[in-house]
Amino acid sequence: MQCEDMTEALAATAEGDAHLSRSQRRHVERCLRCQAEVVQYRKLLRTMRTLRTDVLEPAPGLLADVLANLEEAGERHAIRSMLSGRRIAYLGGLAAATAAGAAGAIVYASRTRRTRLAG
Amino acid sequence: MPREPARDTAELVTAAKDGDRAAFDELVRVTHADTYTLAYRLTGDEEDARDVVQEAYLRAYRGLKRFRGEAQFSTWMYRITANCAATHLGRRARNRHDDLDEAATVVDAHPDHDPQLRADADDLRSRLRVALEGLPPRLRAVVVLRDVYDLPHEAIASELGISESAAKVRLHRARHKLRDQLFPRRDGESRAV
């Protein structure tokens, strides 16, 4: 086992979740260079974690822009819902009118037929 | 996360899911700085970060009903932001032909490696910020989401549209590059990746 074979495994040891093989573990125990790398990776990870609390201040206006954008999106959604509601009502009315027309035609046709048969 | 008291946020989320727009606006107020910070870390550019934040909150607003509350709202926002940033950077790369090559060279912004400065935690943090900005976006996204925001590998892979194993490979490459930059070896110690 050479130091060069350890690159990937050492980068994973930063989280402590890496499962080093027995031979890799044996190599690290004997190799000062790889031990130093493990320490560096852990230090790197600790420093990365501290960035979590490091909150940048957005440029003024961002919040107002986001809220305005949401407002606009909300309005668009409301208009779309209203239009689709109207469309549904229109289509419903159309369907009802068509059904009524068809029923009327059927009734008319059956009466005409009965009259013919009676005659 | 310090800016997000869990109970208050949960109540706001519930109200927002019930259609309370003011509650959603309040969620934006409480979380926008964190969302912007992540967007900036992922894109490395103020203007891009602003666009990503806008898009992320729009997507969150539209998809709020799908948020089941299993994770914190902030974590859910991180995932959406990561996804928006990946889309944004992809689009930008196609438009501007940016170099997204993973093998891009990391610029060493601090060639003078004073041992005393290196020992200083604040100095390390500021050098880390510079090193992160110098990483190719693909590597930076993975290492920021994993090591700063603690997102699981699976979530990172899913939001960036890559496999979990690809996410891990990128993570290790990113860490390797960052370590190389923060703890440079002396002559003759360099190791090929």
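Everything numeric here is computed off the predicted structure, so don't read it as measured data. (Residues numbered from 1 in each chain as written. Chains lettered and ligands numbered in written order. Predicted model: local features only at pLDDT ≥ 70, side-chain atom pairs only at ≥ 80, totals over all residues.)

## Some remarks on the overall build of chain A
At step 1: The helix and strand tally for chain A stands at four helices and zero strands.
At step 2: The helix and strand sequence of chain A, counted from the amino end, reads α-α-α-α.
At step 3: Within the span of chain A, comprising 119 residues, buried residues form 13% of the whole.
At step 4: Once local pairs closer than 6 in sequence are excluded, the contacts in chain A between residues at least 24 apart make up 57%. (Helix = DSSP H or I, 4+ residues; strand = E, 2+ residues; numbered from the N terminus. Buried ≥ 20, exposed ≤ 12 C-beta atoms within 10 Å, placed from the backbone. Contact = placed C-beta atoms within 7 Å.)

## Quick notes on the domain arrangement of chain A
At step 1: The assigned domain composition of chain A is domain 1 (3–52) and domain 2 (90–119).
At step 2: A separation of 84 Å is found between the C-alpha centroids of domain 1 of chain A and domain 2 of chain A. (Domains from an automatic or database assignment.)

## A closer look at the interface of chain B and chain A
At step 1: The interface of chain B with chain A comprises 34 residues on the first partner and 32 residues on the second.
At step 2: Going through the elements one at a time, α2 (21–43), α3 (46–63), α6 (121–134), α7 (137–148) and α9 (164–182) of chain B are the ones with two or more residues in the side of chain B that touches chain A.
At step 3: Here the side of chain B that touches chain A is composed, by residue class, of 18 nonpolar, five polar and eleven charged. (Nonpolar A, V, L, I, M, F, W, Y, C, P; charged D, E, K, R; others polar.)

## Concerning the nonpolar core
Residues and elements named next belong to chain B.
At step 1: Counting 59 residues, the largest nonpolar core has A39, A85, A141 and V142 as the members making the most contacts within it.
At step 2: Here the element with the most residues in this core is helix α4 (residues 73–96); it accounts for nine residues.
At step 3: Setting aside residues no more than four positions away along its own chain, V142 makes contact with I156, A167, R170, L171 and A174. (Core = buried A, V, L, I, M, F, W, Y, C linked by C-beta atoms within 7 Å.)

## Observations regarding the packing of α7(B) against α9(B)
Residues and elements named next belong to chain B.
At step 1: Contact geometry of α7 with α9 gives a least axis separation of 8 Å together with a crossing angle of 95°. When the interaxial angle is binned, α7 and α9 end up roughly perpendicular. Packed against α7, whose contacting residues are R138, L139, R140, V142, V143 and R146, the element α9 presents A167, R170, L171, R173, A174, R175, K177 and L178 at the interface.
At step 2: Tallied by class, residues from the contact of α7 with α9 come to seven nonpolar, no polar and seven charged. (Axes fitted to C-alpha atoms, helices over the stretch in contact; angles between N-to-C directions. Parallel < 35°, antiparallel > 145°, perpendicular 65-115°, else oblique.)

## Re the environment of B:H32
At step 1: Tracing the backbone shows B:H32 in helix α2.
At step 2: The buried category is assigned to B:H32, around which 21 C-beta atoms lie within 10 Å.
At step 3: Sequence separation of B:H32 and B:D180 is 148 residues, and the distance between their C-alpha atoms is 33 Å.
At step 4: Leaving out residues up to four positions away in the same chain, B:H32 has contacts with A:P58, A:L62, A:L63, A:V66 and B:V53.

## Looking at the domain arrangement of chain B
All names here are of chain B.
At step 1: Taken as a whole, chain B is organised into domain 1 (1–98) and domain 2 (101–193).
At step 2: Taken together, the eleven residues of domain 1 in the interface contact 13 residues of domain 2.
At step 3: Breaking the side of domain 1 that touches domain 2 down by element, the ones donating at least two residues are α2 and α4.
At step 4: Across the side of domain 1 that touches domain 2, the residue classes break down as seven nonpolar, two polar and two charged.

## What to know about helix α8 (residues 153–160) of chain B
All names here are of chain B.
At step 1: Among all positions of α8, only I156, E159 and L160 are buried. Down the axis of α8, the smallest arc covering the buried residues is 90°, so these residues share one side.
At step 2: Note on α8: the residue one or two positions beyond its end, G161, has a positive phi of about 70°. (Arc of directions from axis to C-beta.)

## Brief notes about the packing of α2(B) against α3(B)
Residue and element names in this part refer to chain B.
At step 1: Where α2 meets α3, the axes come as close as 8 Å, and the angle between the chain directions of the two elements is 135°. Overall, the two elements α2 and α3 adopt an arrangement that is oblique. Crossing geometry of α2 relative to α3 is assigned as right-handed. Counting all contacts with α2, which are made through F24, V28, H32, T35, Y36, A39, Y40 and T43, the residues of α3 involved are E46, D48, A49, V52, V53, A56, Y57 and Y61.
At step 2: Here the contact of α2 with α3 is built from residues that sort into eleven nonpolar, three polar and two charged. (Left-handed = near helix turned anticlockwise from the far one by under 90°.)

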